[in-house]
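# Observations on the three-dimensional arrangement
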Amino acid sequence: MPERYSAQPRIYCGVLPVAAQQFVDGIFAKVEQLLSFPQLGRMVPELGRPTVREVFYRQYRIIYQLMPDGQLTVIMVQSGRFPLDESRVA
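Please read these numbers as outputs of a predicted model, since none were measured by experiment.

### Regarding the side chain of Ser 79
- Among the structural elements, Ser 79 can be located in strand 4 (residues 72-79).
- If near-sequence neighbours (up to four positions away) are discounted, Ser 79 is found in contact with Gln 59 and Tyr 60.

Structure follows, in C-alpha cells:
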C-alpha cells in the first residue's frame, strides 16, 4: 500500500486514518489549553528564550512562541525522541 500524506497537517494516514485523526485532535486539544494558559509550557531548554516554550502530547513536543501582543504561535510539533534542530526555530 503506498504511503499518503496530507498537506496540512502532514501526517501519515495511509494505514490508520482514525489513529492519525486522533493524534491531530490531541495536538489541537493541547493547543486549546495553551490559549487559556499560555504560560503552561516550560521554556525550551536548548534555546533558553523565555518566549519560546513547549508542552508535550504523548512523546511529541509542541513548541510555541508567546508574541508581544499576547498571541501564541505554534512553531513546530516534533517527536521528543530526536534532538531539536535549532535552525528550524526562529
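### Describing the pattern of salt bridges
- For the structure shown, the criterion picks out 3 salt bridges.
- In this structure, Glu 54 engages Arg 42 in a salt bridge whose closest nitrogen and oxygen atoms are separated by 2.7 Å. Pair noted here: Glu 54 is in strand 2 (residues 52-57) and Arg 42 is in strand 1 (residues 42-43), with a separation of 12 residues, a long-range link.
- Classification of Glu 54 by relative accessible area gives buried; the value is 2%.

### Concerning the nonpolar core
- Counting 11 residues, the largest nonpolar core consists of Phe 23, Val 24, Ile 27, Val 31, Leu 34, Val 55, Tyr 57, Ile 62, Tyr 64, Leu 66 and Leu 72.
- Listing elements by their share of this core, those giving two or more residues are helix 1 (17-36), strand 2 and strand 3 (60-66).
- Of the residues forming this core, the biggest block, 5 residues, is contributed by helix 1.
- Residues Val 44, Leu 47, Met 76 and Val 89 belong to the second largest nonpolar core, which totals 7 residues.

### Considering the confidence of the model for the protein
- Per-residue pLDDT for the protein averages 82, and the proportion of residues at 70 or more is 82%.
- Ranking the helices and strands of the protein by mean pLDDT puts strand 2 first, with 95, and helix 1 last, with 88.
- In the model, residues 1-8 has pLDDT below 50 throughout and makes 10 contacts with residues more than four positions away in sequence or in other chains.

### Looking at the sheet that holds strand 2
- Read across the open sheet, the 4 strands follow the order 1-2-3-4; overall the sheet is antiparallel. A single partner strand is all that each edge strand has here, and the edge strands are strand 1 and strand 4.
- Sheet topology places strand 1 next to strand 2; 2 bridges connect them, and they run antiparallel. The residue of strand 2 that forms the bridge with Met 43 is Arg 53.

About the criteria used
For every chain, the first residue of its written sequence is number 1, and the numbers climb from 1 along that sequence. Only residues with pLDDT of at least 70 get local features here, since the model is predicted, and only at 80 or more are side-chain atom pairs given and counted; chain-wide, interface and lining totals rely on the full set of residues. Note that water and hydrogens are dropped before the side-chain values are worked out from all heavy atoms of the structure. Only DSSP runs of H or I with at least four residues qualify as helices, and only runs of E with at least two residues qualify as strands; both kinds are numbered from the N terminus onward. In what follows, a contact means two residues having at least one pair of non-hydrogen atoms within 4.5 Å. Here, a salt bridge means any side-chain nitrogen of Lys or Arg that lies within 4 Å of a carboxyl oxygen of Asp or Glu. Buried residues are those whose accessible area, probed at 1.4 Å on protein chains only, stays under 20% of the maximum for their type, while exposed residues exceed 50% and partly exposed ones sit between those limits. By nonpolar core we mean a set of buried residues, namely Ala, Val, Leu, Ile, Met, Phe, Trp, Tyr and Cys, connected to one another through side-chain atoms within 4.5 Å. Residue-level confidence of the predictor, termed pLDDT, takes values from 0 up to 100. Pairing between strands is defined by DSSP: at least two bridges between the two strands are required.

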